[in-house]
Amino acid sequence: MTFIKQLTCRECGRAYEVAPLHVCEWCFGPLEASYDYDAIAASVTREKIAQGPSSIWRYADLLPADRGSAVDLGAGFTPLVRAERLAGALGLGEVWIKNDTLNPTNSFKDRVVAVGLSKALEFGFKTAACASTGNLANSVAAHATRAGMKSYVFIPSNLESGKVIATAIYGGNVVAVDGNYDDVNRLCAELAGTYPWAFVNVNLRPYYAEGSKTLAFETAEQLGWRFPDHVVVPMASGSQLTKIRKGFEELAKVGLIDEEPDVRVSGAQALGCSPIAAAFLSGSDTIKPVKPSTIAKSLAIGNPADGYFALDVVRNSGGGMAAVTDDEIIDGMKLLARTEGIFTETAGGVTIATLKKLAEDGVIRPDECVVAYITGHGLKTLEALTGTVGPTATIAPTIDAFTSAFDIDEE
Ligand SMILES: *Cc1c(COP(=O)(O)O)cnc(C)c1O
Ligand SMILES: [Zn+2]
């Protein structure tokens, strides 16, 4: 049972049936899932959610796919951990880390893929596909195998080896394309018109994207059913950021939380691929596509599909944005690991570096309850750290060698 009612064009508002469609045929605007919120309000309660599985499917009433047909590797319900040491280092107060490195394939993409492929099965698709900056490929390959589907995942040929291996291991087809993500995406848009495949982020995008709302649902539930004051979200296409906002609004709409969300939303990008942040920081309404060059490859989308919507959400909520350098990204990865014991990939480094910058600029305040979304695991991007961390000392296997390398006082 799902309460999705129709797809709605985000530009002109025209309605479409629940089908594998993603663009409005009148104005070419993107389509988005709409629900029967009265029916959801009558069905959903905090108690019912608490009795549900420890995964995104505890919020099935607010998702566009049926839990009965769910492709389930256990995505979601990741820890929300209080980060006191990090907060102290940044001069902030109540800071939480949403640790999405602990998903089945170690990134937040498992949330969106689980929803997208569950819907694909309902539609009768046999083959899963995607255009990926890396993590999506990992997740689609794993979930397709789990669902008994074939898979074709398309990636830029310069990806981190960890991401290629962690995709190929599942046995689907991995297609490395000589080009950047935007080239891969263009190719996939053409292929989606040629083959009857479920491209999760092309023809299934309206369903797939809804999976990101679970980040907002979990955050509010794990805070004891309250809204945070401020969230910091990494941006590639900008979809996740807009859906976190939508998720908070829906909690109020269906009566799970009794107040309107007053959540400031801030966006994080790498300077080497910051089309959305550049528009925000220059006060412009135009997002200029860029050619990415950054170690944060999972965020390297030069022409972001949801960029304008993300810009709107951040401006309307009173949030901020930052574009951080590769060195700041590595410092961010180290800072999180060394204060909180959480090892994130480069995208998480972008988030922490942005948190730091916005705290220094006074955009994020010490009196706010702040949640930072850490969306992927550090073992996936080891290359980025090569030469920046290593053994404290390399010694011969003798006590003498050890004592001459380390000057140890008691403890
Ligand atoms: C895909 C991805 C994001 C965000 O993607 P959007 O396209 O903005 O929704 C964030 N972090 C990681 C690690 C990702 O792989
Ligand atoms: Zn339209």
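Residues numbered from 1 in each chain as written. Chains lettered and ligands numbered in written order. Predicted model: local features only at pLDDT ≥ 70, side-chain atom pairs only at ≥ 80, totals over all residues. Heavy atoms only, no water.

Participant: Sorry if this is basic, but what is going on with the overall build of the protein here?
Facilitator: Of regular secondary structure, the protein possesses 15 helices and 13 strands. Its C-alpha atoms give the protein a radius of gyration of 21 Å, within 12% of the compact-globule value 22 Å for 411 residues. Looking at the protein alone, contacts between residues at least 24 apart form 71% of all its contacts between residues at least 6 apart. A total accessible area of about 16,900 Å² is found for the protein, and carbon and sulfur atoms account for 51% of it. Across the protein, the mean location of the 36 positive side-chain charges is 5 Å away from that of the 49 negative side-chain charges. (Helix = DSSP H or I, 4+ residues; strand = E, 2+ residues; numbered from the N terminus. Rg over C-alpha atoms; globule rule 2.2 N^0.38 Å. Contact = heavy atoms within 4.5 Å. Areas by Shrake-Rupley, 256 points an atom, 1.4 Å probe, with all protein chains shown as cover. Lys, Arg positive; Asp, Glu negative; His and termini not counted. Charge placed at Lys NZ, Arg CZ, Asp CG, Glu CD.)

Participant: Please explain the site of ligand 1 as it appears in this structure.
Facilitator: Residues in close proximity to ligand 1 total 15 residues, the closest being K109, A236, S237, Q240 and T375. At a separation of 2.9 Å, an oxygen atom of ligand 1 approaches a polar side-chain atom of N135. For ligand 1, an oxygen atom lies 2.6 Å from a polar atom in the side chain of S237. Within the complex, 95% of the 380 Å² of free accessible area of ligand 1 lies under protein. Its residues assigned to classes, the shell around ligand 1 shows six nonpolar, seven polar and two charged. (Near = heavy atom within 4 Å. Polar contact = N/O pair within 3.5 Å; in protein donor to acceptor, adjacent residues only side chain to side chain. Nonpolar A, V, L, I, M, F, W, Y, C, P; charged D, E, K, R; others polar.)

Participant: What should I look at first to understand the coordination of the zinc ion (ligand 2) in this one?
Facilitator: Coordination angles at a metal have ideal targets, namely 109.5 degrees for four tetrahedral donors and 90 or 180 degrees for six octahedral donors. Here the zinc ion (ligand 2) is held by C9 (SG), C12 (SG), C24 (SG) and C27 (SG), and the distances to it run 2.3 to 2.4 Å. Its four donor atoms give the zinc ion (ligand 2) angles of 97 to 118 degrees at the centre, a pattern that matches the tetrahedral case. Sequence spacing of the donors to the zinc ion (ligand 2): C-x2-C-x11-C-x2-C. With C12 in the loop between β1 (4–9) and β2 (15–16) and C27 in the loop between β2 and β3 (31–35), this residue pair connects regions lying 15 residues apart in the sequence. Residue C12 is classed as partly exposed on the basis of its relative accessible area, which comes to 36%. (Donors = N, O, S within 2.8 Å, 3.2 Å for Na, K, Ca; no water. Tetrahedral: all angles 85-135°; square planar, octahedral: opposite > 155°, others 65-115°. Buried < 20%, exposed > 50% of the residue type's maximum accessible area, 1.4 Å probe, protein only.)

Participant: So what exactly am I meant to see when it comes to a negative patch on the surface here?
Facilitator: A cluster of acidic side chains, namely D229, D258, E259, E260 and D262, defines a negative patch on the protein surface. Topologically, E260 is positioned in the loop between α10 (239–253) and β11 (264–270). Given the relative accessible area of 64%, E260 is considered exposed. (Patch = residues over 30% accessible without salt bridge, like charges linked within 9 Å, V, L, I, M, F, W, Y side chains within 5 Å. Salt bridge = Lys/Arg side-chain N within 4 Å of Asp/Glu carboxyl O.)

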